[in-house]
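# Summary of the model geometry
Okay, here's what each chain looks like letter by letter:
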Amino acid sequence: CLNPTPFPHSSRWSEAWAEAIKEAPQRGQLLSLFFFEPQLIYKTPLTALAKKIDATFLPCAVGRHVGSVEMVGPAGSISTRAVEAKAGATPSSNVSVVPMIDLAAFMSEKLAGAWRMNFLKLDVEGMEYTLLPWLLGQSHGTLCKLHTFLIEWHLNFLPFNRRLEAFALERSFLSLLRLGCPDDRAPVEVWIENYPRNQFGQPIPGLLEAALMHAPWEGRVSYMAKARRDVASMAEQARATTRKEAFSTCSKRRVACRTSATGFREDNCALDRISCDPRLTYSTYLRAVKNPINATGSGDCAAGLPSEPPPWVHKMIEQTG
């Protein structure tokens, strides 16, 4: 189990892990836990915790290569972030510098020949947008060796000019695993966590322009005719698909999407199901036509929809269940 994540707010997970360590030999299992935390304020308590539950604690950051990072922000704060230190540069007097390891190399070593039951939790305060492309691109298929993977997205930690590409990674991540991993090796499931403070209401410059590029406009008559035919075909396919058939198709896909409610009882896998449920594809299209979105980050979020609760709660998915 690999756990690059900030210091936990509760000891329940560590108590459960300690119990599992004791029971593992009775089942013929070998359990190993590695966790990372670069904030030096947590080094002493986490070292003691690792000793108590028979785990391995590494007081360092994880990244694309071996190096060092500067911890920027108040010590112990959830807003503190790791910024890669430039070679030869003198660090500021008010920041701490900690080592950084190559996460892909570390995972490749620990997962080499390992039994398939393994788990990675990646909660790295915005660094996931840098780490995941790196892990996906490694020739040894680092992420494909995982059994279960939990990712928490942090769009709010990125500067505005990087948010559009980050959003694209969020939307395509599961598809990249399904299509990029070998046929005999891929994560069984990926858990998605989107906390409101990290994701919702965060402006994404360029999102409006991307939507407008795909909107029909009267100046392209030939394209409009084809678009109408495509919509008619989409509607027919939706009518011909039953709820049971859609559920069956989605449930048979490799790399299952899992979610837990993280704020407004939203379903973090809803958008992923658009690609396997024709009924959902069509209903979201109709909703977009009826409620054009203001993607600028100001004003009403969606025309005709009240602001409380958030607009995505209002019948976002008509055919789920």
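Residues numbered from 1 in each chain as written. Predicted model: local features only at pLDDT ≥ 70, side-chain atom pairs only at ≥ 80, totals over all residues. Heavy atoms only, no water.

## Side note on the nonpolar core
Ranked by size, the top nonpolar core spans 38 residues in total, and within it Leu132, Leu143, Phe149 and Val190 carry the most contacts. Those elements giving two or more residues to this core turn out to be strand E2 (34-36), helix H3 (103-111), strand E8 (119-122), helix H4 (128-137), strand E9 (148-152), helix H5 (163-180) and strand E10 (189-193). Within the second largest apolar cluster, eleven residues are counted, among which are Ile21, Leu33, Ala50 and Ala55. (Core = buried A, V, L, I, M, F, W, Y, C linked by side-chain atoms within 4.5 Å. Buried < 20%, exposed > 50% of the residue type's maximum accessible area, 1.4 Å probe, protein only. Helix = DSSP H or I, 4+ residues; strand = E, 2+ residues; numbered from the N terminus.)

## What about unusual backbone geometry?
The backbone phi angle of aspartate 54 is positive, close to 60°, even though this residue is not glycine. Secondary-structure assignment places aspartate 54 in the loop between helix H2 (43-53) and strand E3 (56-58). A relative accessible area of 52% places aspartate 54 in the exposed class.

## Focus: the confidence of the model for the protein
For the protein, per-residue confidence averages 80 on the pLDDT scale, and 78% of positions sit at 70 or higher. Contacts from residues 6-10, a stretch scored under 50 in pLDDT, to residues over four places away or in other chains number eight contacts. (pLDDT = per-residue confidence, 0-100. Contact = heavy atoms within 4.5 Å.)

## Topic: the sheet that holds strand E7 (residues 96-102)
Remark on secondary structure: sheet strands pair via backbone hydrogen bonds, oriented parallel or antiparallel. Taken in spatial order, the four strands make up an open sheet running E4-E7-E5-E6, and their pairing is mixed. Two strands close off the open sheet at either side, each with one partner strand: strand E4 (61-63) and strand E6 (81-84). Ignoring which end each strand starts from, the neighbouring axes of this sheet average 45° apart. The strands that H3 touches are E4 and E7; relative to E7, the one it contacts most, it runs at about 50°. (Pairing = 2+ DSSP bridges. Axes fitted to C-alpha atoms, helices over the stretch in contact; angles between N-to-C directions.)

## Details of the state of the cysteines
Working definition of a disulfide: a covalent bond connecting the sulfur atoms of two cysteines. By the definition in use, this model includes three disulfides. For cysteine 144, the disulfide goes to cysteine 181, at an S-S distance of 2.1 Å. An S-S torsion of about -90° defines the bridge between cysteine 144 and cysteine 181 as left-handed. In this pair, cysteine 144 sits in the loop between H4 and E9 while cysteine 181 sits in the loop between H5 and E10, placing the two residues 37 residues apart along the sequence. As far as the burial class goes, cysteine 144 and cysteine 181 line up, both buried. What pairs with cysteine 250 in a disulfide is cysteine 276, and their sulfur atoms sit 1.9 Å apart. On the sign convention where negative means left-handed, the S-S torsion of about 100° between cysteine 250 and cysteine 276 marks this disulfide as right-handed. Here cysteine 250, found in helix H8 (residues 243-251), pairs with cysteine 276, found in the loop between strand E11 (256-259) and helix H9 (278-290); they are 26 residues apart in sequence, far enough to count as distant. Judged on exposure class, the residue cysteine 250 and its partner cysteine 276 are both buried. When the cysteines engaged in disulfides are numbered in sequence order, the protein pairs them as 1-2, 3-6, 4-5. (Disulfide = S-S within 2.5 Å.)

## As for the pairing of E10
Each regular strand carries side chains that alternate between the two faces of the sheet. Along E10, four of the five residues are buried, which leaves the element largely enclosed by surrounding structure. Of the pairings in the sheet, the one linking E9 to E10 comprises five bridges and is parallel in character. Paired with leucine 150 across the bridge in E10 is tryptophan 191. Summarising the sheet, E10 and E11 pair through four bridges and their orientation is parallel. In the sheet register, tryptophan 191 faces E11, and the bridge partner there is arginine 258.

## Examining the environment of valine 72
Looking at the secondary structure, you find valine 72 in strand E5 (residues 67-72). By relative accessible area, which is 25% here, valine 72 ends up partly exposed. In the structure, valine 72 is positioned 24 residues away from serine 96 in sequence and 7.8 Å away in space, judged by C-alpha atoms.

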